[in-house]
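# Per-entry structural report
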Amino acid sequence: MHDEFTLADLASIERTTREVGETVLNLVSRRAPHVFQRRWWDDRIMSWAMKNESVKVQMFRFIDVLPMLNRREAITRHLQEYFEEVHEHLPTAVRLGMQVAQPDSIAGRAVAFAARRNALGHARRFIAGTTPAEVLTAVKRARKARQAFTLDLLGEAVISNVEADRFFQAYVELIENLAPTINAWPEVPQVDRGVESELPRVNVSVKLSALDSQFDPLDAEGTTRRVADRLRALLRVARQHGAFINVDMESYHTKDLTLSIFKQVLTEDEFRDVGDVGIVIQCYLRDSESDLVALRDWARERGKPIWVRLVKGAYWDYETIHARYHGWPVPVYRRKWQSDANYERQTRFTIRNFRYLRPALGSHNIRSLAHGIATARHIGLPPLGVELQMLYGMAEVEREAFTALGNRLRVYMPFGELIPGMAYLVRRLLENTSNDSFLRASFTESLSAEELLMNPLEHSGEQPGDRPIHVVDESSPVRERLESIAPLQLPAWIESFENEPPSDFAVDEIRRQMRAALATVRERFGEHYPVVIGGQERKTSESIRSINPSHKAQTVGTVGSATAELAEEAIIAAAKVWPEWADLDVRTRADYLLRTAEFIRERRFEFAACQVSECGKGWREADGDVCEAIDFLEYYARGAVALQGSFGDADVPGEENRFEYLPRGVAAVIAPWNFPLAILTGMTSAALVTGNTVIMKPAEQSSVMAAWLMRAFVGAGLPPGVINFLPGQGEVVGPVLVKHPQTAVIAFTGSRKVGLEINASAAQASAGGPGCDVKRVIAEMGGKNAIIVDEDADLDEAVAGVVTSAFGYQGQKCSACSRAIVLAEVYDAFLPRLIEATKSLPLGPAEDPGSRIGPVIDQEAFNGIHRYIEIGKQEGHLELDVDAGSLANEGFYIGPHIFTGIAANARIAQEEIFGPVLAVIRADNLDHALAIANGTEYALTGGLYSRSPRNLKRAQREFRVGNLYLNRPITGALVGRQPFGGFRMSGIGSKAGGPDYLLQFVLPRTVTENTMRRGFAPTEQP
Ligand SMILES: Cc1cc2nc3c(=O)[nH]c(=O)nc-3n(C[C@H](O)[C@H](O)[C@H](O)COP(=O)(O)OP(=O)(O)OC[C@H]3O[C@@H](n4cnc5c(N)ncnc54)[C@H](O)[C@@H]3O)c2cc1C
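Computed from a predicted structure; not experimentally measured.

### Quick notes on the overall build of the protein chain
In terms of helices and strands, the protein chain carries 36 helices and 30 strands. Taking 31 Å as the expected radius of gyration for a compact globule of 1022 residues, we find that the protein chain reaches 32 Å, a close match to that expectation. Along the longest, intermediate and shortest principal axes, the C-alpha atoms of the protein chain span 100 × 80 × 65 Å. Per-residue burial for the protein chain yields a buried fraction of 59% across its 1022 residues. Counting only contacts in the protein chain whose residues sit at least 6 apart along the sequence, the fraction spanning at least 24 positions is 78%. Total accessible area on the protein chain stands at roughly 40,800 Å², and carbon and sulfur atoms take up 52% of it. Positive and negative side-chain charges of the protein chain, numbering 115 and 131 respectively, have mean locations separated by a distance of 4 Å.

### Brief notes about helix α24 (residues 586–602)
Between the first and last C-alpha of α24 there are 25 Å, a value that for 17 residues agrees with the 24 Å anticipated at 1.5 Å per step. Along α24, the residues that are buried comprise V586, R589, A590, Y592, L593, T596, A597, F599 and I600. Elements in contact with the buried residues of α24: α23 (564–583), α25 (604–615), α26 (619–644), α27 (678–689) and α28 (703–715). For α24, the N-terminal capping position is held by D585, with its side-chain oxygen 2.9 Å away from the main-chain nitrogen of R587.

### A closer look at the sheet that holds strand β6 (residues 357–362)
Spatial ordering of the closed barrel is given by β1-β2-β3-β4-β5-β6-β7-β8, a layout of eight strands whose pairing is parallel. Across the sheet, the axes of successive neighbouring strands diverge by a mean angle of 30°, strand direction being ignored. Bridging between strand β2 (residues 203–206) and strand β3 (residues 244–247) involves four bridges; their strand directions are parallel. From the neighbouring strand, V204 faces β3, where its bridge partner is I245. Of the strands in this sheet, β1 (148–153) and β8 (408–415) touch helix α8 (residues 132–144), which is tilted by about 165° from β8.

### Quick notes on the nonpolar core
Proteins that are soluble and globular tend to have nonpolar side chains buried together. L295, I306 and M413 are the most contacted members of the largest nonpolar core, which has 124 residues in total. Per element, the largest residue contribution to this core is ten residues, and it comes from helix α9 (residues 161–183). In this view, I306 contacts F262, V277, I279, L295, W298, A299, Y356, L357 and R358; residues no more than four positions away in its chain are not counted. Judged by nonpolar contacts, the second largest core, of 78 residues, contains F505, A608, C610 and L643.

### As for the site of the ligand
Neighbouring residues of the ligand: 31 residues in total, closest G313, S339, S363, E431 and F438. One of the backbone N or O atoms of G313 is found 2.6 Å from an oxygen atom in the ligand. With respect to the ligand, the backbone of A314 contributes an N or O atom lying 2.9 Å from an oxygen atom. Here the ligand has 940 Å² of accessible area as a free molecule, and 95% of this is covered by the chains. In the shell around the ligand, the residues fall into 13 nonpolar, nine polar and nine charged.

### Concerning the layout of surface pockets
Quantified by volume, the second largest pocket comes out at close to 1,600 Å³. Looking at the second largest pocket, it is lined by 49 residues, and the ones nearest its centre are W673, Q701, S751, V754 and E860. Breaking the lining of the second largest pocket down by element, the ones donating at least two residues are β12 (543–548), α29 (730–739), β18 (743–749), α30 (752–765) and α33 (859–875). When its residues are assigned to classes, the lining of the second largest pocket shows 22 nonpolar, 13 polar and 14 charged.

### Description of unusual backbone geometry
With a phi angle near 45°, Y809 is a residue other than glycine that sits in the positive phi range. Here Y809 shows up in the loop between α31 (795–807) and β21 (817–823). The exposure class assigned to Y809 is buried, which follows from its relative accessible area of 2%. Of note, F914 is a non-glycine position whose phi angle comes to about 60°, a positive value. Checked against the element boundaries, F914 lands in the loop between α34 (907–910) and β24 (917–923). Here F914 falls in the partly exposed class, since its relative accessible area comes to 24%.

### With respect to the pattern of salt bridges
Throughout the structure, instances matching the rule amount to 69 salt bridges. Here E163 makes a salt bridge to R833, at a shortest N to O gap of 2.7 Å. Here the residue E163 occupies a position in helix α9, and R833 occupies one in helix α32 (residues 824–839), the gap between them amounting to 670 residues. Sharing partners across several salt bridges, the network here consists of R71, E73, R77, E81, E84, E791, E825 and R950.

### Some points on the confidence of the model for the protein chain
Per-residue confidence for the protein chain gives a mean pLDDT of 91; residues scoring 70 or more make up 91%. Below pLDDT 50 for its whole length, residues 32–42 participates in 33 contacts with residues either more than four positions away or in separate chains. Below pLDDT 50 for its whole length, residues 466–493 participates in 48 contacts with residues either more than four positions away or in separate chains.

### Some points on a negative patch on the surface
Side chains of D651, E655, E656 and E1009 sit close together on the surface and give a patch of like negative charge. Position of E656 relative to the elements: it lies in strand β14 (residues 655–663).

### With respect to the packing of aromatic side chains
In total, this model carries 15 aromatic pairs according to the counting rule given. On the numbers, 5.5 Å between centres and 20° between planes, the contact of F632 with Y636 is stacked. Here the residue F632 and the residue Y636 both occupy positions in helix α26, the gap between them amounting to four residues, near one helical turn. Exposure class is identical for F632 and Y636. Each is buried.

### Some points on the pairing of β24
Within β24, six of the seven residues are buried, which leaves it mostly tucked inside the rest of the structure. Pairing of β21 with β24 involves five bridges; the strand directions are parallel. Paired with V822 across the strands is R922, a residue of β24.

### A word on the sheet that holds strand β9 (residues 527–529)
Sheets are built from strands paired through backbone hydrogen bonds, the pairs being either parallel or antiparallel. Strand order in the open sheet formed by three strands is β9-β13-β12, and the pairing between neighbours is mixed. Because the sheet does not close on itself, it has two edges, and the strands there are β9 and β12. Strand-to-strand, the axes of this sheet are offset by a mean angle of 35°, without reference to chain direction. Strand direction decides the pairing type here: β12 and strand β13 (residues 551–560), joined by six bridges, are antiparallel. Looking across to β13, one finds that S543 is bridged to G560.

Cut-offs used in this document
Residues numbered from 1 in each chain as written. Predicted model: local features only at pLDDT ≥ 70, side-chain atom pairs only at ≥ 80, totals over all residues. Heavy atoms only, no water. Helix = DSSP H or I, 4+ residues; strand = E, 2+ residues; numbered from the N terminus. Rg over C-alpha atoms; globule rule 2.2 N^0.38 Å. Buried < 20%, exposed > 50% of the residue type's maximum accessible area, 1.4 Å probe, protein only. Contact = heavy atoms within 4.5 Å. Areas by Shrake-Rupley, 256 points an atom, 1.4 Å probe, with all protein chains shown as cover. Lys, Arg positive; Asp, Glu negative; His and termini not counted. Charge placed at Lys NZ, Arg CZ, Asp CG, Glu CD. Expected span 1.5 Å × (residues − 1). Polar contact = N/O pair within 3.5 Å; in protein donor to acceptor, adjacent residues only side chain to side chain. Pairing = 2+ DSSP bridges. Axes fitted to C-alpha atoms, helices over the stretch in contact; angles between N-to-C directions. Core = buried A, V, L, I, M, F, W, Y, C linked by side-chain atoms within 4.5 Å. Near = heavy atom within 4 Å. Nonpolar A, V, L, I, M, F, W, Y, C, P; charged D, E, K, R; others polar. 1 Å grid on protein atoms, 1.4 Å probe; cavity = no way out; pocket = protein on both sides within 12 Å on 5 of 7 lines; lining within 4 Å. Points joined across faces, edges and corners; volume = space filled by probe spheres on them. Salt bridge = Lys/Arg side-chain N within 4 Å of Asp/Glu carboxyl O. pLDDT = per-residue confidence, 0-100. Patch = residues over 30% accessible without salt bridge, like charges linked within 9 Å, V, L, I, M, F, W, Y side chains within 5 Å. Phe/Tyr/Trp six-rings, centres within 6.5 Å; stacked < 30°, edge-to-face > 60°.

Have a look at this one:
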């Protein structure tokens, strides 16, 4: 896009910008700033927060948890816990004060009282009211000050349909209740008149994600259908009452979908002529320019202008961390001046396109706003042609100054309850105290007018002009900050490893590729995949039919069913090539893994689509499994190379010592169906790269996916016999593989029952004989995992985390949560939200991106889960039973089930169910909760949602599980980041995807040579 302003234009705009800016600054300096007035800013806590980043973090965390703390004792305890961690940064007086303020003392109570009052005071500054009456007062006050308003409803994260309905209804009522009153008030021309016509007085800012609990770009069509319906309804109410609807912008993930729904609805005949609507463009986004151009083109085509609120964006830290976490490109500019410069650029574009886009500038930055005013003047737009917008509670003096200069200024007024208001409050506090904040720079750092009004491009050394500003400074302080965000604490040898980024299904093209892959896989339905031994395809008299659990009449493929004889042959074939394979340089073996990873990466959507069809996995889960498979290949390849070179020189003069790892021999890999590609790939590649040869025995239910993996290895050029593909019935081939004298390693993942049987029979079969080792068994078994919800937990997060962990992939993960242990204090708040959130999960076939609950794997699983549901009914109360309805005939569907009133030792609280069944157990306190959590035979995963630093530490010590997750879901371990595996009855061996996993596949050995001959030995090389 070209700016379409000449250098002379820009110079003139720049001059006016400075003039306007200086005028405003002069007005501002004569009045006491509100947010930054002494009383507020001198408030001790805030001033420490400004001085020290770690104090600030603790401070804001404390404010965040405060509304959940009902007892004074809890408030003082949290205060102490938070500030304990930054003790040395606090002033001496405060340290002493904290020592005397024991939770149950008088001083403690006083501290609690002051803390609560303080936080409430802060919240009130940013929230216009909690009731409609209070809002009306705030609105009246604003109009009296010749300022317009837009209303925002604060609320908890919308995680259920009931909550979405409530939000929608609240928006409707807001308009219906306020409009008649406000429209009857006398006109305020500066507020109510636009350039061409009157403006609606009631203006509501709406978040589309609040209108639908399943707002998800993955299911763009379904989300659009539902949200568009609600937006239409709101637009009708707005039209009826002469109100304005503005669509706010949230995280980047939802941006494209939000824009698309907005455009779609407003293009429809019924709404084509609606002009009292607006949408937000966030100028910290690199996409903002192209989005704005597209919006202009669309508005021109539509024939009626819309409003555009230009902001920089409220989620900079989140977007940066989120993108880095997933390995995605960071969508926001990295340096503040870039956002500022882009803001100005987009301001010029919007103002120039006034005929189609009506500009509303949402900012507290005097330079940014002055630049908008200057641009408008330059092209001859009347002052009311550009609207200025600011947040309630921020920069009141600026508001007054801009109003005094004749601009229309609209105040964004959030209203609602305190608890949901805290998230909003913390965002505002972060914004105000950020090092990059204009407000902070102008009011607390006393920068000169010259510095405050500087053209942002001057920070870059660029000249104002038509140059794009996509410049990333690799040495910026921001970059340093980024680098400190997610340091991976891994041994040096694995440092070059990076997790495969998951597919970003918010991108249209990625969804298209996934749909195409599903079609390709469907075309291959019914294909036959034979047993492969020593590189030869082998015919079998029987085959396994692998069916689609979403549509049980569909055959995904047939797979040869190996006999015991073939199993024996496979072992012999593997043993035959083993010496040669073992002799290869480890780098050569690693290279095969890397090539296999590349093979899969190139076909990642087909691999994901295959498991959607064969295993009933949803898109995201299937994509995650493919990424994990690639990760295992990449991680173990690097790990094996590093392992061989990981020991230092132990030579002394006259003696050479060599420590090395030898491959064990033939490995039998016996895999499950629930991570049909990842687990099979992980166990197989670990065995291979360390020099073992492999018999790959997949689960019957996921044999087609396994056959694809076999083809990937072959496609990567793996020599014949190094892997032998042996699909078949576990009872037929399993015992042969486990007991055969030539089998040196058995890597198994599956049920506890089979795992223990394998362990026992491998031990028995290790009877010795020439060349035989004691068989090494690596077994990942089951879990009975719990999430504890502490009394101060963030319930938005805890409910969502339990839902994801319990019902993701229908609970068919060994890491799944099957017990939610909830502290009594929050039990009654937690349970209804959990039930509503779970009820809202759409049930349907896995290939439909709108389904959140798909089928279970097969009839046997279906029957087994139903048996447990019946047991649960005897043992407790069935709170939720989502009926699969007509889907029951189509596939193996079981809706989520939630039980309460379950004793800690009940069967459904002790035995692994492997389905969408959750027991919610009430605990008196954390001691009780930990005792329940630890009180099973398993120790795989576990979680705690808590905002108490002490309780989080306690869980680290006392919650005995292999993978403990704090304040996040307990599934979805990533290779390298969260090595996975448990103990007790959950597993034998070290963790998959961890630094010591490969050691299980090798034999350590030392070779010592005496190099001295008659008193003479080779000297050390320099
Ligand atoms: C009326 C109104 C409505 C709003 N609605 C929305 C909305 O719908 N969606 C939304 O996301 N935000 C919205 N905002 C919030 C707004 O994004 C922030 O208040 C705004 O970004 C603060 O910018 P500023 O111009 O006031 O201050 P400044 O201090 O000039 O700018 C601060 C902003 O710069 C950006 N920034 C900070 N550090 C960096 C960096 N290192 N690199 C690049 N950029 C950086 C961030 O966006 C940060 O917020 C709204 C604001 C107002 C006033």
